[in-house]
Amino acid sequence: MNGYIGRILAQAGLACDTAAVNALRQDYWRRYGATLAGMVRHHGVRTEDFLREAHRFDNLAQMIRTERGLAHLLKRLPGRKILLTNAPRAYAANVVRHLRLHPHFSKHISIESMQVHRQLRPKPSRQFLRKLLVAQRVAARRCILVEDTVENLKAAKQMGMRTVWMTAYLRSPPLAGMMQKQVRLLRRPGYVDYRVESLYRLARTAVR
(Lines give C-alpha, C1' and ligand atoms only; values in the text may rest on other atoms or scores of the structure.)
Protein backbone atom coordinates (compact mmCIF):
# COMPACT_ATOMS: atom_id res chain seq x y z
CA MET A 1 0.00 0.00 0.00
CA ASN A 2 2.74 2.44 0.91
CA GLY A 3 4.47 1.82 -2.38
CA TYR A 4 1.35 2.59 -4.38
CA ILE A 5 0.56 5.72 -2.36
CA GLY A 6 4.15 6.88 -2.82
CA ARG A 7 3.87 6.53 -6.60
CA ILE A 8 0.64 8.55 -6.67
CA LEU A 9 2.17 11.32 -4.58
CA ALA A 10 5.32 11.39 -6.71
CA GLN A 11 3.26 11.73 -9.90
CA ALA A 12 1.53 14.75 -8.34
CA GLY A 13 4.86 16.32 -7.34
CA LEU A 14 4.13 15.87 -3.63
CA ALA A 15 6.41 14.62 -0.86
CA CYS A 16 6.62 10.85 -1.18
CA ASP A 17 9.21 9.78 1.38
CA THR A 18 8.35 7.13 3.96
CA ALA A 19 7.34 9.62 6.65
CA ALA A 20 5.05 11.53 4.28
CA VAL A 21 3.38 8.36 3.02
CA ASN A 22 2.84 6.99 6.53
CA ALA A 23 1.39 10.29 7.72
CA LEU A 24 -1.01 10.49 4.77
CA ARG A 25 -2.12 6.87 5.09
CA GLN A 26 -2.83 7.22 8.80
CA ASP A 27 -4.59 10.56 8.37
CA TYR A 28 -6.99 9.21 5.74
CA TRP A 29 -7.58 6.06 7.80
CA ARG A 30 -8.54 8.13 10.83
CA ARG A 31 -10.70 10.62 8.89
CA TYR A 32 -12.55 8.25 6.58
CA GLY A 33 -12.27 4.78 8.12
CA ALA A 34 -10.18 3.57 5.18
CA THR A 35 -7.13 5.02 3.41
CA LEU A 36 -8.82 4.19 0.13
CA ALA A 37 -11.58 6.75 0.74
CA GLY A 38 -9.06 9.56 1.17
CA MET A 39 -7.09 8.53 -1.90
CA VAL A 40 -10.25 8.53 -4.01
CA ARG A 41 -11.49 11.85 -2.65
CA HIS A 42 -8.24 13.82 -2.71
CA HIS A 43 -6.14 12.20 -5.43
CA GLY A 44 -8.65 10.93 -7.97
CA VAL A 45 -7.51 7.33 -7.53
CA ARG A 46 -9.81 4.66 -8.93
CA THR A 47 -11.11 2.28 -6.27
CA GLU A 48 -10.30 -0.84 -8.25
CA ASP A 49 -6.73 0.31 -8.93
CA PHE A 50 -6.02 1.05 -5.28
CA LEU A 51 -7.49 -2.23 -4.03
CA ARG A 52 -5.60 -4.26 -6.62
CA GLU A 53 -2.23 -2.60 -6.05
CA ALA A 54 -2.49 -2.37 -2.26
CA HIS A 55 -3.33 -6.05 -1.78
CA ARG A 56 -0.72 -7.82 -3.88
CA PHE A 57 0.69 -10.67 -1.78
CA ASP A 58 2.58 -13.53 -3.37
CA ASN A 59 2.66 -15.47 -0.10
CA LEU A 60 -0.73 -14.66 1.43
CA ALA A 61 -1.29 -18.18 2.76
CA GLN A 62 2.01 -18.06 4.66
CA MET A 63 1.14 -14.69 6.17
CA ILE A 64 -2.16 -15.78 7.74
CA ARG A 65 -2.18 -16.54 11.47
CA THR A 66 -5.26 -17.77 13.28
CA GLU A 67 -6.61 -19.54 16.36
CA ARG A 68 -6.81 -23.29 16.51
CA GLY A 69 -10.30 -24.63 15.85
CA LEU A 70 -11.53 -21.36 14.41
CA ALA A 71 -14.32 -22.95 12.35
CA HIS A 72 -15.60 -24.83 15.38
CA LEU A 73 -15.58 -21.65 17.45
CA LEU A 74 -17.56 -19.77 14.81
CA LYS A 75 -20.08 -22.59 14.72
CA ARG A 76 -20.57 -22.26 18.49
CA LEU A 77 -21.50 -18.60 18.22
CA PRO A 78 -25.28 -18.14 17.99
CA GLY A 79 -27.06 -16.15 15.31
CA ARG A 80 -26.51 -15.37 11.65
CA LYS A 81 -23.01 -14.17 10.79
CA ILE A 82 -22.11 -11.55 8.19
CA LEU A 83 -18.53 -10.86 7.16
CA LEU A 84 -18.28 -7.06 7.04
CA THR A 85 -14.80 -5.99 6.04
CA ASN A 86 -13.03 -2.89 4.74
CA ALA A 87 -10.81 -5.24 2.75
CA PRO A 88 -11.43 -5.81 -0.98
CA ARG A 89 -13.67 -8.67 -2.05
CA ALA A 90 -11.05 -10.87 -3.73
CA TYR A 91 -8.53 -10.53 -0.90
CA ALA A 92 -11.08 -11.25 1.83
CA ALA A 93 -12.49 -14.19 -0.10
CA ASN A 94 -9.02 -15.72 -0.46
CA VAL A 95 -8.42 -15.44 3.29
CA VAL A 96 -11.81 -16.93 4.16
CA ARG A 97 -11.35 -19.81 1.70
CA HIS A 98 -7.86 -20.52 3.02
CA LEU A 99 -9.24 -20.77 6.55
CA ARG A 100 -12.26 -22.78 5.32
CA LEU A 101 -14.66 -20.41 7.02
CA HIS A 102 -16.97 -19.57 4.09
CA PRO A 103 -19.73 -22.00 5.20
CA HIS A 104 -20.14 -20.05 8.43
CA PHE A 105 -21.03 -16.68 6.88
CA SER A 106 -24.45 -16.03 5.36
CA LYS A 107 -23.19 -12.92 3.58
CA HIS A 108 -19.87 -11.34 2.61
CA ILE A 109 -19.81 -7.54 2.39
CA SER A 110 -16.52 -6.02 1.28
CA ILE A 111 -15.45 -2.40 0.89
CA GLU A 112 -16.53 -2.24 -2.77
CA SER A 113 -20.15 -2.64 -1.60
CA MET A 114 -19.95 -0.01 1.14
CA GLN A 115 -21.58 2.82 -0.76
CA VAL A 116 -24.34 5.28 0.08
CA HIS A 117 -25.74 7.36 -2.79
CA ARG A 118 -22.86 6.07 -4.94
CA GLN A 119 -20.28 7.45 -2.51
CA LEU A 120 -17.78 5.20 -0.74
CA ARG A 121 -18.75 4.91 2.94
CA PRO A 122 -16.63 2.21 4.66
CA LYS A 123 -16.77 1.39 8.35
CA PRO A 124 -17.28 3.22 10.66
CA SER A 125 -19.82 5.10 8.51
CA ARG A 126 -23.13 5.27 10.34
CA GLN A 127 -24.81 5.99 7.01
CA PHE A 128 -23.68 2.64 5.64
CA LEU A 129 -24.40 0.73 8.85
CA ARG A 130 -27.94 2.16 8.81
CA LYS A 131 -28.35 1.10 5.17
CA LEU A 132 -27.08 -2.38 6.03
CA LEU A 133 -29.57 -2.79 8.88
CA VAL A 134 -32.43 -1.81 6.58
CA ALA A 135 -31.25 -4.19 3.85
CA GLN A 136 -30.94 -7.06 6.32
CA ARG A 137 -34.26 -6.19 7.98
CA VAL A 138 -32.82 -6.37 11.45
CA ALA A 139 -32.90 -3.97 14.40
CA ALA A 140 -29.60 -2.58 15.66
CA ARG A 141 -30.28 -3.93 19.17
CA ARG A 142 -30.23 -7.47 17.75
CA CYS A 143 -26.78 -7.03 16.18
CA ILE A 144 -23.28 -7.45 17.58
CA LEU A 145 -20.33 -5.91 15.75
CA VAL A 146 -17.08 -7.79 16.39
CA GLU A 147 -14.02 -5.72 15.48
CA ASP A 148 -10.28 -5.42 15.98
CA THR A 149 -10.45 -1.71 15.07
CA VAL A 150 -11.86 -0.07 18.16
CA GLU A 151 -12.84 3.17 16.39
CA ASN A 152 -15.36 1.25 14.26
CA LEU A 153 -17.21 0.15 17.38
CA LYS A 154 -18.09 3.67 18.49
CA ALA A 155 -20.45 4.32 15.58
CA ALA A 156 -22.07 0.91 16.01
CA LYS A 157 -22.69 1.54 19.71
CA GLN A 158 -24.21 4.95 18.99
CA MET A 159 -26.68 3.20 16.69
CA GLY A 160 -27.72 0.73 19.36
CA MET A 161 -25.61 -2.31 18.44
CA ARG A 162 -23.70 -4.33 20.97
CA THR A 163 -19.94 -4.25 20.47
CA VAL A 164 -17.02 -6.64 20.91
CA TRP A 165 -13.38 -5.56 20.63
CA MET A 166 -10.96 -8.36 19.69
CA THR A 167 -7.51 -7.53 21.08
CA ALA A 168 -5.24 -10.51 20.43
CA TYR A 169 -3.28 -8.47 17.86
CA LEU A 170 -2.16 -6.07 20.61
CA ARG A 171 0.26 -8.75 21.79
CA SER A 172 2.07 -8.58 18.44
CA PRO A 173 5.50 -6.95 17.99
CA PRO A 174 5.61 -3.15 17.65
CA LEU A 175 2.60 -2.08 15.62
CA ALA A 176 2.18 0.42 12.81
CA GLY A 177 1.30 3.98 13.75
CA MET A 178 -2.39 3.52 13.05
CA MET A 179 -2.56 0.86 15.78
CA GLN A 180 -0.62 2.69 18.46
CA LYS A 181 -3.65 4.67 19.57
CA GLN A 182 -5.45 1.43 20.30
CA VAL A 183 -2.51 0.04 22.26
CA ARG A 184 -2.66 3.09 24.52
CA LEU A 185 -6.24 2.30 25.49
CA LEU A 186 -5.49 0.67 28.82
CA ARG A 187 -9.12 0.31 29.79
CA ARG A 188 -12.18 -0.74 27.81
CA PRO A 189 -13.85 2.34 26.25
CA GLY A 190 -17.44 2.99 27.28
CA TYR A 191 -18.73 2.15 23.81
CA VAL A 192 -17.21 -1.36 23.97
CA ASP A 193 -19.46 -3.95 25.64
CA TYR A 194 -16.91 -6.77 25.64
CA ARG A 195 -13.16 -6.81 25.26
CA VAL A 196 -11.80 -10.28 24.48
CA GLU A 197 -8.44 -11.54 23.30
CA SER A 198 -9.72 -14.37 21.15
CA LEU A 199 -12.71 -15.95 19.49
CA TYR A 200 -12.38 -18.75 22.03
CA ARG A 201 -13.12 -16.26 24.82
CA LEU A 202 -15.99 -14.78 22.85
CA ALA A 203 -17.50 -18.22 22.21
CA ARG A 204 -17.30 -19.04 25.92
CA THR A 205 -19.06 -15.79 26.76
CA ALA A 206 -21.74 -16.23 24.11
CA VAL A 207 -22.77 -19.77 25.04
CA ARG A 208 -23.20 -19.14 28.76
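Reading the values: the criteria
Residues numbered from 1 in each chain as written. Predicted model: local features only at pLDDT ≥ 70, side-chain atom pairs only at ≥ 80, totals over all residues. Heavy atoms only, no water. Helix = DSSP H or I, 4+ residues; strand = E, 2+ residues; numbered from the N terminus. Expected span 1.5 Å × (residues − 1). Buried < 20%, exposed > 50% of the residue type's maximum accessible area, 1.4 Å probe, protein only. Salt bridge = Lys/Arg side-chain N within 4 Å of Asp/Glu carboxyl O. Polar contact = N/O pair within 3.5 Å; in protein donor to acceptor, adjacent residues only side chain to side chain. Contact = heavy atoms within 4.5 Å. Axes fitted to C-alpha atoms, helices over the stretch in contact; angles between N-to-C directions. Parallel < 35°, antiparallel > 145°, perpendicular 65-115°, else oblique. Left-handed = near helix turned anticlockwise from the far one by under 90°. Nonpolar A, V, L, I, M, F, W, Y, C, P; charged D, E, K, R; others polar. pLDDT = per-residue confidence, 0-100.

Moving on to helix H2 (residues 18–32). An ideal rise of 1.5 Å per residue puts 21 Å on 15 residues; H2 measures up with 21 Å between its terminal C-alpha atoms. Burial in H2 covers these residues: Val-21, Leu-24, Arg-25, Gln-26, Tyr-28, Trp-29 and Tyr-32.

Three or more residues of helix H3 (residues 35–43) are buried, namely Thr-35, Leu-36, Ala-37, Gly-38 and Met-39. Gly-44 lies just past H3 and shows a positive phi near 65°.

Below, the discussion takes up the pattern of salt bridges. This model, assessed by the stated rule, comprises nine salt bridges. The partner of Lys-157 in a salt bridge is Asp-193, and the shortest N-O contact between them spans 2.7 Å. Taken together, the residues span a long stretch of sequence, with Lys-157 in helix H9 (residues 150–158) and Asp-193 in the loop between helix H10 (177–183) and strand E7 (194–196) at a distance of 36 residues. The class for Lys-157 is partly exposed, based on a relative accessible area of 29%.

As a further point, take the side chain of Glu-147. Position of Glu-147 relative to the elements: it lies in strand E5 (residues 144–147). For Glu-147, a relative accessible area of 5% corresponds to the buried category. Of note is the side chain of Glu-147, whose polar atom sits 3.3 Å from the side chain of Asn-152. Ignoring sequence-local partners within four residues, the contact set of Glu-147 consists of Lys-123, Asn-152, Leu-153, Val-164, Trp-165 and Met-166.

Attention now goes to the packing of H3 against helix H4 (residues 47–54). Packing of H3 against H4 leaves a shortest axis separation of 10 Å and a crossing angle of 135°. Our classification of the angle between H3 and H4 gives oblique. The crossing of H3 and H4 is right-handed. For the pair formed by H3 and H4, the contact residues are Thr-35, Leu-36, Met-39 and Val-40 on the first element and Thr-47, Phe-50 and Leu-51 on the second. A per-class count over the contact of H3 with H4 returns five nonpolar, two polar and no charged.

Attention shifts here to the confidence of the model for the protein chain. Averaged over all residues, the pLDDT of the protein chain equals 88, while 90% of them reach at least 70. A low-confidence stretch, residues 174–178 (pLDDT under 50), is modelled with nine contacts involving residues beyond four sequence positions or located in other chains.

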